Amino acid sequence: MHRILIILAAGGSAALLLGALGFQYIGEMAPCKLCYWQRYPHAAAAGIGVLALLIPGAALPYLGMLAALATAGIGAYHTGVERGLWEGPSTCTSGPIGGLSPDQLMEQIMSAPLVRCDEVPWEMLSLSMASWNAIASFGLALLWIAAANHARKQG
């Protein structure tokens, strides 16, 4: 059971990472800065999963849980940026234009990133990719917790 939970948790992160790459390369949807940030913990979780299959104990599943929670947190933050609840990184969203001179406005336009974090390029059931990533990643964190608890009971 322990191995199955690890495979599901790490495989889930790998599947989400592959899905993101599919949207990028097949769907031709360029990722923004926050999209990239969400990918790194998934890659870490997949690698941790491989190690957790080789090395017994609860420590690696707990690290997997932290990776899943990290990408879930970034996804939730990104969702807030998309919905205008808060501002994203200055390199990811545009600044206010009120009170700017034409030259300043032109400078802001010319220095703007190609892909903005505050725009939703795709959604399903009114949820963006960032929102779905957050939901799925919280679920993966639960799988990692179950794997860690199972390992503790066995060890």
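Whatever comes next refers back to the structure up there.
Since this is a predicted model, take the numbers as computed values, not measurements. (Residues numbered from 1 in each chain as written. Predicted model: local features only at pLDDT ≥ 70, side-chain atom pairs only at ≥ 80, totals over all residues. Heavy atoms only, no water.)

**As for the overall build of the chain**
Condition: Only DSSP runs of H or I with at least four residues qualify as helices, and only runs of E with at least two residues qualify as strands; both kinds are numbered from the N terminus onward. Note on classification: 1.4 Å probe, protein chains only; a residue is buried when its accessible area is under 20% of the maximum for its type, exposed when over 50%, partly exposed between these limits. Here, Shrake-Rupley sampling with a 1.4 Å probe gives the accessible areas, and only protein chains in the shown set may cover a residue.
Looking only at helices and strands, one finds five helices and two strands in the chain. The helix and strand sequence of the chain, counted from the amino end, reads α-α-α-α-β-β-α. Looking at the 155 residues of the chain, the share that counts as buried comes to 34%. With the model as given, the accessible surface of the chain reaches about 8900 Å², and the carbon-plus-sulfur share is 69%.

**Examining the environment of histidine 78**
Definition in use: Contacts are assigned to residue pairs that have any heavy atoms within 4.5 Å of one another. Definition of a polar contact: a pair of N or O atoms within 3.5 Å, with one able to donate and the other able to accept a hydrogen when the atoms are protein atoms, and with sequence-neighbouring residues admitted only if both atoms are side-chain atoms.
For histidine 78, the location among the structural elements is in helix 3 (residues 59-82). Along the backbone, histidine 78 and glutamine 38 are 40 residues apart, and their C-alpha atoms lie at a distance of 9.1 Å. Beyond its immediate stretch of four places on either side in the chain, histidine 78 contacts Cys32, Leu34, Cys35, Gln38, Cys117 and Ala130. Separated by 3.1 Å, the side chain of histidine 78 and the backbone oxygen of cysteine 117 make a polar contact.

**Observations concerning the packing of helix 2 (residues 33-54) against helix 3**
Put simply, the rule reads: Simply put, an axis is a line fit to the C-alpha atoms, just over the touching stretch for a helix, and the angle between two N-to-C directions goes from 0 to 180 degrees. In these notes the angle categories are as follows: under 35 degrees is roughly parallel, over 145 is roughly antiparallel, 65 to 115 is roughly perpendicular, and the rest is oblique. Crossings are sorted by hand: turned counterclockwise from the far helix by less than a right angle, the near helix makes the crossing left-handed, and turned clockwise it makes it right-handed. Just so you know the grouping, Ala, Val, Leu, Ile, Met, Phe, Trp, Tyr, Cys and Pro go in nonpolar, Asp, Glu, Lys and Arg go in charged, and all remaining residues, Gly too, go in polar.
The contact between helix 2 and helix 3 brings their axes to 9 Å, and the two run at 165°. When the axis of helix 2 is compared with that of helix 3, the two are roughly antiparallel. Of the two elements, helix 2 crosses helix 3, and the hand of that crossing is left-handed. Where helix 2 approaches helix 3, its residues Leu34, Cys35, Trp37, Gln38, Pro41, His42, Ala45, Ile48, Leu51 and Ala52 are matched on the opposing element by Leu60, Pro61, Leu63, Gly64, Ala67, Ala70, Thr71, Ile74, Gly75, Tyr77, His78 and Val81. Split by residue class, the contact of helix 2 with helix 3 holds 16 nonpolar, six polar and no charged.

**Describing helix 3**
Rules: Multiplying 1.5 Å by the residue count of a helix minus one yields the expected span of that helix.
Compared with the 34 Å implied by 1.5 Å per residue over 24 residues, the 35 Å span of helix 3 between its first and last C-alpha is a close match. With its phi angle positive at about 75°, glycine 84 sits one or two positions after the end of helix 3.

**Description of the nonpolar core**
For the record, the criterion: The definition of a nonpolar core used throughout is a set of buried Ala, Val, Leu, Ile, Met, Phe, Trp, Tyr and Cys residues joined through side-chain atoms within 4.5 Å.
Counting 15 residues, the largest nonpolar core has Ile6, Ala68 and Trp144 as the members making the most contacts within it. Setting aside chain neighbours within four positions, we find tryptophan 144 in contact with Ile6, Ala9, Ala10, Ala45, Ile48, Gly49, Leu60, Pro61, Gly64, Met65 and Ala68.

**A word on a nonpolar patch on the surface**
Our working definition: What goes into a patch is any residue over 30% in relative accessible area without a salt bridge, connected to like charges within 9 Å or, for nonpolar side chains (Val, Leu, Ile, Met, Phe, Trp, Tyr), within 5 Å. Any carboxyl oxygen of Asp or Glu that lies within 4 Å of a side-chain nitrogen of Lys or Arg is treated as forming a salt bridge with it.
Taken together, the side chains of Leu18, Leu21, Tyr25 and Ile26 make up a nonpolar region of the molecular surface, amounting to roughly 480 Å² of accessible area. On the secondary structure map, tyrosine 25 appears in helix 1 (residues 2-25). Residue tyrosine 25 is classed as exposed on the basis of its relative accessible area, which comes to 60%.

**A short note on the packing of aromatic side chains**
For clarity, the threshold we go by: Note on aromatic pairs: the rings of Phe, Tyr and Trp (six-membered ring only in Trp) are paired at centre separations within 6.5 Å, and the planes decide the class, stacked below 30 degrees, edge-to-face beyond 60, tilted for the rest.
Within the structure shown, the criterion is met by two aromatic pairs. Ring centres of tyrosine 77 and tryptophan 86 lie 6.3 Å apart, and the angle between their planes is 10°; this geometry places the pair in the stacked category. A relative accessible area of 31% means that tyrosine 77 is categorised as partly exposed. According to the relative accessible area criterion, tryptophan 86 is partly exposed, its value standing at 40%.

**A look at the packing of helix 3 against helix 5 (residues 129-154)**
Put simply, helix 3 and helix 5 touch, their axes get as near as 8 Å, and they point 165° apart. In terms of axis orientation, helix 3 runs roughly antiparallel to helix 5. Where helix 3 crosses over helix 5, the two elements pack in a sense that is left-handed. Considering only residue class, the contact of helix 3 with helix 5 consists of 17 nonpolar, nine polar and two charged.

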